[in-house]
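Notes for the structure review
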Amino acid sequence: MDRHSKICIIGAGMVGATSAFAIATHRIASELVIIDVNKEKAEGEAMDINHGLITMGSMNIHSGEYSDVKDSDIIVVAAGLGRKPGETRLDLAAKNIGIAKDIAQNIMKFYNGGVILVVSNPVDILTYVILKETGLPANKVFGSGTVLDSARFRYMLSVKMGADIRNIHGFMAGEHGESQFAVWSSVHVSAMAMDSYCAKRGIVIDKDELVQDIVSSGAQVIKRKGVTNFAIAAIVAELCATIMGDRGSIFNVTSLLDNYYGISDVCISVPCILGKGGVKEHIAYDFNEDEMVRLKASARSIRNFMDDLKI
């Protein structure tokens, strides 16, 4: 790190704390601030990570207040109520919208630059709420979206195919929730179309079953351990590293769409180029006819839900 760089994480729950640890292990920023209404919890998480710095390298990791968002490169929003067993992400919306508005207002009291990465669920709705509440340019506020779902997709495909996950490419799009869908036209194994690869190796994949496993996987983890935190923390760290390094990597983050194949005024996940200023560009992916129908249906589902909540 050749200059001072700063990441603030708002929310010291399991996701926020694990994200802080993941960011620290990769030394993505020279300063890492953990902010929470429970100040002692934030202090404890910072202390615990600091005690392992001997394995990571020099960083300034501490708890803080909203005033610490000043001069941040990235502000990660990981605060809010977690999903309980049997609860959908959308069930959380009404409860977490008030929290998101409060966070946005407090951020803007001290904000002077940087991007806002929303992780709290339901991420598509809260990204929209925080964008509108802050009044920032649309590229500056985005959410983790279906990046985690896409990672689960590639993992499950790697298991089914017995292939290295690094050779498998493909993504999930739409809502980070029940109406998301697999973009099967995007799936390649080391540059070979998935259907061709599977046919040559005698592999049969039940596509509908696999997608259902992905959609329900978060709930399955929560049922067993009460929270999902490790995978999303790894994703947060990777997104932060992409922004800090201005890599121009492509991720399916959720952000405000403006006439993306006719879709506007809703935050859902499509392929985006990410870099220093946030979302640099929405890529007009060549969705096939079925995928386009699913994308528009997912956008309508989120928009209708927000209309019911008068957002």
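See the structure above.
Note that the coordinates shown come from a computational prediction; the quantities given were computed from them, not determined experimentally.

With respect to the helices, strands and loops of the structure, A237 is situated in helix 8 (residues 230–244). Counting along the chain gives 11 residues from A237 to G226, while the straight-line C-alpha distance between them is 22 Å. Sequence-distant contacts of A237, that is, excluding residues within four places in its chain, are made with A22, I23, H26 and I28.

Now for the sheet that holds strand 7 (residues 168–173). Spatial strand order, 7-8-9: three strands in an open sheet with antiparallel pairing. If you trace the sheet from one side to the other, it starts and ends with strand 7 and strand 9 (192–193), each paired once. Note that strand 7 and strand 8 (residues 181–189) share five bridges and pair antiparallel. Within the sheet, the bridge partner assigned to F171 lies in strand 8 and is V183.

Attention now moves to the sheet that holds strand 14 (residues 278–282). In space, the three strands of this open sheet follow the order 10-13-14, with antiparallel pairing throughout. The sheet is open, and its two borders are formed by strand 10 (249–251) and strand 14, each paired with just one other strand. Across the sheet, the mean angle from the axis of one strand to that of its neighbour is 40°, orientation sign disregarded. Strand direction decides the pairing type here: strand 10 and strand 13 (residues 272–275), joined by three bridges, are antiparallel.

Ranked by size, the top nonpolar core spans 89 residues in total, and within it I7 and F287 carry the most contacts. No other element matches the 10 residues that helix 8 contributes to this core. With residues up to four places along the chain from it excluded, the contact list for F287 reads F171, A173, F181, V183, Y260, Y261, P271, M292 and L295. By size, the runner-up hydrophobic cluster in this structure holds 20 residues, among which are L157, I168, M172 and C198.

Negative charge collects at one region of the surface, where D206, D208, E209 and D213 lie side by side. Position of E209 relative to the elements: it lies in helix 7 (residues 207–225). On the accessibility criterion, E209 (43% relative accessible area) is partly exposed.

What follows is about the packing of helix 4 (residues 123–134) against helix 9 (residues 289–308). Look at helix 4 against helix 9: their axes get within 11 Å of each other, and the N-to-C directions meet at 60°. The pairing of helix 4 with helix 9 is recorded here as oblique in orientation. The handedness of the crossing between helix 4 and helix 9 comes out as right-handed. On helix 9, the residues that touch D124, I125 and Y128 of helix 4 are I302, R303, F305 and M306.

This part is about the environment of P271. On the secondary structure map, P271 appears in the loop between strand 12 (266–269) and strand 13. Under the relative-accessibility criterion, P271 is labelled buried at 5%. Residues in contact with P271, not counting those within four places in the same chain, are F171, I250, F251, N252, Y260, E281, H282, I283, Y285 and F287.

Examined against the element boundaries, G226 turns out to sit in the loop between helix 7 and helix 8. Residue G226 is classed as partly exposed on the basis of its relative accessible area of 44%.

Moving on, we get to the pattern of salt bridges. Under the criterion given, the structure shown has 10 salt bridges. Between E45 and K41 there is a salt bridge whose closest N-O contact spans 2.5 Å. With E45 and K41 both in helix 2 (residues 39–50) and four residues apart, this pair spans about one turn of that helix. Relative accessible area serves as the criterion here: at 19%, E45 is assigned to the buried category. One salt-bridge network, in which partners are shared between bridges, spans D265, R303 and D307.

Calculation rules
- Residues numbered from 1 in each chain as written.
- Predicted model: local features only at pLDDT ≥ 70, side-chain atom pairs only at ≥ 80, totals over all residues.
- Heavy atoms only, no water.
- Helix = DSSP H or I, 4+ residues; strand = E, 2+ residues; numbered from the N terminus.
- Contact = heavy atoms within 4.5 Å.
- Pairing = 2+ DSSP bridges.
- Axes fitted to C-alpha atoms, helices over the stretch in contact; angles between N-to-C directions.
- Core = buried A, V, L, I, M, F, W, Y, C linked by side-chain atoms within 4.5 Å.
- Buried < 20%, exposed > 50% of the residue type's maximum accessible area, 1.4 Å probe, protein only.
- Patch = residues over 30% accessible without salt bridge, like charges linked within 9 Å, V, L, I, M, F, W, Y side chains within 5 Å.
- Areas by Shrake-Rupley, 256 points an atom, 1.4 Å probe, with all protein chains shown as cover.
- Salt bridge = Lys/Arg side-chain N within 4 Å of Asp/Glu carboxyl O.
- Lys, Arg positive; Asp, Glu negative; His and termini not counted.
- Charge placed at Lys NZ, Arg CZ, Asp CG, Glu CD.
- Parallel < 35°, antiparallel > 145°, perpendicular 65-115°, else oblique.
- Left-handed = near helix turned anticlockwise from the far one by under 90°.

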